[in-house]
Amino acid sequence: DSDDGVSISIPVQFNRSEHPKFYDESNPEKKYYKSNGIEYDVDLNAGCSVPLITMNIHCSGTHTETAAHVMKDSYLISDISNLNFIPSTLISITPELNVNENYHVSITQDDKMITKETLENCLDSDNEFLDCIIIRTLPNDDDKKIKNYNKHSHPFLSNDAVCFLKEKRVKHIVIDTPSIDRFDDDGQLKNHKIFFTNEDDSINKNTITELAFIPNNCSDGKYFICIGTPNFKLDAAPSNPMIYKIK
């Protein structure tokens, strides 16, 4: 039932600081178009509102990105089709410290990771409903909606975990952290590049959605997801993923 969909995006607040922050701490901004002495804002008695917005797509809210985020001559958001009613699986994971899996730069004892081993334990062996994997990290508190990730490091995937998802033929990752890579991986973003590259080194049409928020009343299991992106000629766009529980 389309009325049963649940948004797993974080609402964008304009001209306010109540939003997640990752690298860029500026707020999404909204002002109104002005012409011939008229500011087009109905609150100022204009005939209609014509807002102009400025925001950092990658750093201040839920967004979906393509290979063009990290590689030249790649697919843009506008090149990706069939993002509606994708068979998906929602899993909840407690990231781990001191894991024995591969990552492409040195990690510290404070780094928390999502591992291949954990994913193997969470996912069915039949590969059903794995076109998209939705990862909810635990604990799952509302402060994710306003967290400053420059002050609080986020969990990220091991290289082994990303390779495992590709082996499972996952095409779309949705996660509630700001990145599937470490905050500072020397600018490599290797997990992204692994996920966006086929075995023959060609670039695929996979997507990654970051800074989602999955409400606690959504139980783990199988869903359909509509990722919900505008037709932007960009590497990424704000998105409003909607999930529909399989009954």
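The paragraphs below set out a description of the structure included in this document. The shown structure was predicted, so the numbers you read here are calculated from the model rather than taken from an experiment. Counting starts from 1 at the beginning of each chain's written sequence and moves along it residue by residue. Whole-chain, interface and lining totals are the exception, using all residues; otherwise, since this is a predicted model, local features are given only for residues with pLDDT of at least 70 and side-chain atom pairs are given and counted only at 80 or more. Working from all heavy atoms in the structure, the side-chain values ignore hydrogens and water.

What goes into a patch is any residue over 30% in relative accessible area without a salt bridge, connected to like charges within 9 Å or, for nonpolar side chains (Val, Leu, Ile, Met, Phe, Trp, Tyr), within 5 Å. To measure how exposed things are, a 1.4 Å probe is used in the Shrake-Rupley method; for residues, cover is taken only from the protein chains shown. Think of a salt bridge as a Lys or Arg side-chain nitrogen and an Asp or Glu carboxyl oxygen that are within 4 Å of each other. Charged residues are defined here as Lys and Arg on the positive side and Asp and Glu on the negative side; His and the ends of the chain fall outside this count. Every charge is mapped onto a representative atom, which is NZ of Lys, CZ of Arg, CG of Asp or CD of Glu. A surface patch of like charges, here negative, comprises Glu-96, Glu-117, Glu-120, Glu-167, Glu-199, Asp-200 and Asp-201. Taking relative accessible area as the criterion, Glu-96 reaches 31% and is therefore assigned partly exposed. Remark: exposure states derive from per-residue accessible area (1.4 Å probe, protein chains only) relative to the maximum for the residue type, with buried under 20%, exposed over 50%, and partly exposed in between.

Classification of ring pairs uses Phe, Tyr and Trp, with its six-membered ring standing for Trp, and accepts pairs whose centres are within 6.5 Å; under 30 degrees between planes counts as stacked, over 60 as edge-to-face, and the remaining range as tilted. The full count for this structure, using the stated rule, is 8 aromatic pairs. Note on Tyr-23 and Phe-183: the rings are 4.3 Å apart at their centroids and 5° apart in plane angle, and the pair reads as stacked. You can see Tyr-23 sitting in the loop between β1 (6-7) and β2 (29-32) and its partner Phe-183 sitting in the loop between β12 (172-175) and α3 (190-195), a full 160 residues away along the chain. Aromatic pair Tyr-103 and Phe-156: ring centres 4.8 Å apart, planes at 50°, arrangement tilted. Here the residue Tyr-103 occupies a position in the loop between β8 (96-97) and β9 (112-114), and Phe-156 occupies one in strand β11 (residues 156-157), the gap between them amounting to 53 residues. The pair Tyr-103 / Phe-156 is uniform in exposure class, with both members buried. Numbered from the N terminus, helices here are DSSP runs of H or I no shorter than four residues, and strands are runs of E no shorter than two.

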